[in-house]
Amino acid sequence: MSSRRDVLSFAILGVLGDGPQHGYELRKSLTTILGPFRALSYGSLYPALKRMYTARLIEEESLTPATQSNAPVLSGKRARIVYAITAEGKEVFGEWANQPGPEAWEDEGFAAHLAFFSATEARTRLRILEGRRSRLEERVDVLRDSLTRSKERVDAYTLQLQQHGLEGAEREVRWLTELIDQEKVTQER
């Protein structure tokens, strides 16, 4: 999982793991899970669905009239394709969800992994959380150093932006520490 495109594919598999959906529902579900601030256009979604269909990770389960869904009725009664995850797609998703490597610690990968932590083994969840915290602690060190060195060379607005970035990274480290502690308690039971 090295690109944003890969993260989207795995998020689609995760959503379809809960049941078949057509494109409109899928986009809505992905926006809910991954957050409203991560723009997901149909121009990204449908090419991903096509790639995944070609790779046999998903299938077109059936066609439903647009008027039978909860989606807004479009002009004419266009049919909607319903997508479902295949057995191969479930296997690929399971492998991805339980892969704790560096890709899972980066911003894009971490958000997608966290969204589907219920499909992740407990030990792997802990490794991903610890890896993410380590990555953020490195970022905090770099931001602190940068802020210290640039105080005299940059304007007040740039300093505020750097301070904001540092505070956000420190806040995420604290949050991750809480999640790690909770995960350890849960695993001890």
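Basis of the calculations
Residues numbered from 1 in each chain as written. Predicted model: local features only at pLDDT ≥ 70, side-chain atom pairs only at ≥ 80, totals over all residues. Heavy atoms only, no water. Helix = DSSP H or I, 4+ residues; strand = E, 2+ residues; numbered from the N terminus. Buried < 20%, exposed > 50% of the residue type's maximum accessible area, 1.4 Å probe, protein only. Contact = heavy atoms within 4.5 Å. Areas by Shrake-Rupley, 256 points an atom, 1.4 Å probe, with all protein chains shown as cover. Axes fitted to C-alpha atoms, helices over the stretch in contact; angles between N-to-C directions. Parallel < 35°, antiparallel > 145°, perpendicular 65-115°, else oblique. Left-handed = near helix turned anticlockwise from the far one by under 90°. Nonpolar A, V, L, I, M, F, W, Y, C, P; charged D, E, K, R; others polar. Pairing = 2+ DSSP bridges. pLDDT = per-residue confidence, 0-100. Core = buried A, V, L, I, M, F, W, Y, C linked by side-chain atoms within 4.5 Å. Expected span 1.5 Å × (residues − 1). Polar contact = N/O pair within 3.5 Å; in protein donor to acceptor, adjacent residues only side chain to side chain. Salt bridge = Lys/Arg side-chain N within 4 Å of Asp/Glu carboxyl O.

## Concerning the overall build of the chain
Move 1: Summing up its helical and strand segments, the chain has seven helices and three strands in all.
Move 2: Along the chain direction, N to C, the helices and strands of the chain fall in the order α-β-α-α-β-β-α-α-α-α.
Move 3: Taking all 189 residues of the chain together, 37% fall into the buried category.
Move 4: Considering only contacts within the chain whose residues lie at least 6 apart along the sequence, 59% involve residues at least 24 apart.
Move 5: Summed over all atoms, the accessible surface of the chain reaches about 11,500 Å², with 50% contributed by carbon and sulfur.

## Regarding the packing of helix α2 (residues 23–34) against helix α3 (residues 42–54)
In a packed pair of helices, the relevant descriptors are the angle between the two axes and the axis-to-axis distance.
Move 1: Remark: α2 packs on α3, axes separated minimally by 11 Å, with the N-to-C direction vectors making an angle of 115°. Between α2 and α3, the interaxial angle falls into the category roughly perpendicular. The way α2 lies across α3 gives a crossing that is right-handed. Here α2 contributes Gly23, Tyr24, Leu26, Arg27 and Leu30 to the contact with α3, which in turn contributes Tyr42, Leu45, Tyr46 and Leu49.
Move 2: The residue inventory of the contact of α2 with α3, partitioned by class, reads seven nonpolar, one polar and one charged.

## Some words on the pairing of strand β3 (residues 79–85)
The side chains of a regular strand alternate, first on one face of the sheet and then on the other.
Move 1: Here β3 lies mainly inside the structure; five of its seven residues are buried.
Move 2: Here strand β1 (residues 21–22) runs beside β3; their pairing, made up of two bridges, is antiparallel. Looking across to β3, one finds that histidine 22 is bridged to valine 82.

## What about the confidence of the model for the chain?
Move 1: Mean pLDDT over the chain: 87, with 88% of residues reaching 70 or higher.
Move 2: Confidence, read as mean pLDDT per element, is least for strand β2 (residues 58–65) in the chain (78) and greatest for helix α4 (residues 87–97) (96).

## Here we look at the packing of helix α5 (residues 107–115) against helix α6 (residues 122–150)
Move 1: Here α5 crosses α6 at 150°, and the two axes come no closer than 11 Å. With respect to α6, the axis of α5 lies roughly antiparallel. For the pair α5 and α6, the sense of crossing is left-handed. Of α6, the residues touching α5 (which contributes Asp107, Phe110 and His113) are Ile128, Leu129, Arg132 and Arg139.
Move 2: Its residues assigned to classes, the contact of α5 with α6 shows three nonpolar, one polar and three charged.

## Thoughts on the nonpolar core
Move 1: Counting residues in each nonpolar core, the largest one holds 25 residues, and the members touching the most others are Ile12, Leu13, Leu26 and Leu30.
Move 2: Among the secondary structure elements, those contributing two or more residues to this core are α1 (4–16), α2, α3, β3 and α4.
Move 3: With eight residues, α1 is the single largest residue contributor to this core.
Move 4: With near-sequence residues (within four places) excluded, isoleucine 12 lies in contact with Leu26, Leu30, Leu45, Ala48, Leu49 and Met52.
Move 5: With 15 residues, the next largest nonpolar core counts Phe110, Leu129, Val140 and Leu147 among its residues.

## Considering helix α7 (residues 156–188)
Move 1: The terminal C-alpha atoms of α7, which comprises 33 residues, lie 48 Å apart, in line with the 48 Å expected from a rise of 1.5 Å per residue.
Move 2: All buried positions along α7 are accounted for by Leu166, Ala169, Glu172, Val173, Leu176, Ile180 and Glu183.
Move 3: A distance of 3.0 Å separates the backbone nitrogen of tyrosine 157 from a side-chain oxygen at the start of α7, and that oxygen is part of aspartate 155.

## With respect to the pattern of salt bridges
Move 1: Summed over all chains, the structure comprises nine salt bridges.
Move 2: Notably, a salt bridge pairs arginine 135 with glutamate 106, separated by 1.9 Å at the nearest N-O pair. Residue arginine 135 is located in helix α6, and its partner glutamate 106 is located in the loop between α4 and α5; the two are separated by 29 residues in the primary sequence.
Move 3: Across the salt bridge formed by arginine 149 and aspartate 145, the nearest N and O atoms sit 2.9 Å from each other. One end of the pair, arginine 149, and the other, aspartate 145, are both in helix α6, four residues apart, so they sit about a helical turn from each other.

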